[in-house]
Amino acid sequence: MIQGFSPPMRRLIRRRLSKALGTQAQLISLQADQISGQAQGYCTAQGRLSRFRFSAGGRLLLLKPLLNLFRWDRSAA
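Residues numbered from 1 in each chain as written. Predicted model: local features only at pLDDT ≥ 70, side-chain atom pairs only at ≥ 80, totals over all residues. Heavy atoms only, no water.

**Points about the pairing of strand 3 (residues 48-55)**
Side chains on a regular strand alternate between the two faces of the sheet.
Consideration 1: Bridge count between strand 2 (residues 38-45) and strand 3: 8 bridges; the pairing is antiparallel. Following the sheet pairing, A45 is matched in strand 3 by R48.
Consideration 2: The hairpin formed by strand 2 and strand 3 contains 2 residues between the paired strands, and Q46 there has a positive phi angle of roughly 50°.
Consideration 3: Where strand 3 meets strand 4 (residues 61-68), 7 bridges bridge the pair, whose relative direction is antiparallel. (Pairing = 2+ DSSP bridges. Helix = DSSP H or I, 4+ residues; strand = E, 2+ residues; numbered from the N terminus.)

Listed below in structure tokens is the structure:
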């Protein structure tokens, strides 16, 4: 979960994700990997769910797109 990270670190991760995705990103989950010193988790941006890995120094950001999400409105169908 996101609880173990300081607000400046969360902002840095969210800013780097937004820059890489080209739009505002929202963190869904964020976990620290104590062995490798990396943060990893899931984020969404414009209806797309992605998994990311972020190095502790902020030098490396890996994104893996997973799903395209959309809202289905029953009244329109």
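**Thoughts on unusual backbone geometry**
Consideration 1: Backbone geometry at Q46 places phi at a positive 50°, although glycine is not the residue there.
Consideration 2: Looking at the element boundaries, Q46 is found in the loop between strand 2 and strand 3.
Consideration 3: A relative accessible area of 62% places Q46 in the exposed class. (Buried < 20%, exposed > 50% of the residue type's maximum accessible area, 1.4 Å probe, protein only.)

**Re the side chain of S55**
Consideration 1: Along the polypeptide, S55 turns up in strand 3.
Consideration 2: Taking relative accessible area as the criterion, S55 reaches 15% and is therefore assigned buried.
Consideration 3: Beyond its immediate stretch of four places on either side in the chain, S55 contacts G37, Q38 and L60. (Contact = heavy atoms within 4.5 Å.)

**A few points about the environment of Q26**
Consideration 1: Residue position: Q26 is located in strand 1 (residues 26-33).
Consideration 2: Residue Q26 is classed as exposed on the basis of its relative accessible area, which comes to 53%.
Consideration 3: For the pair Q26 and Y42, spaced 16 residues apart in sequence, the C-alpha to C-alpha distance is 8.8 Å.

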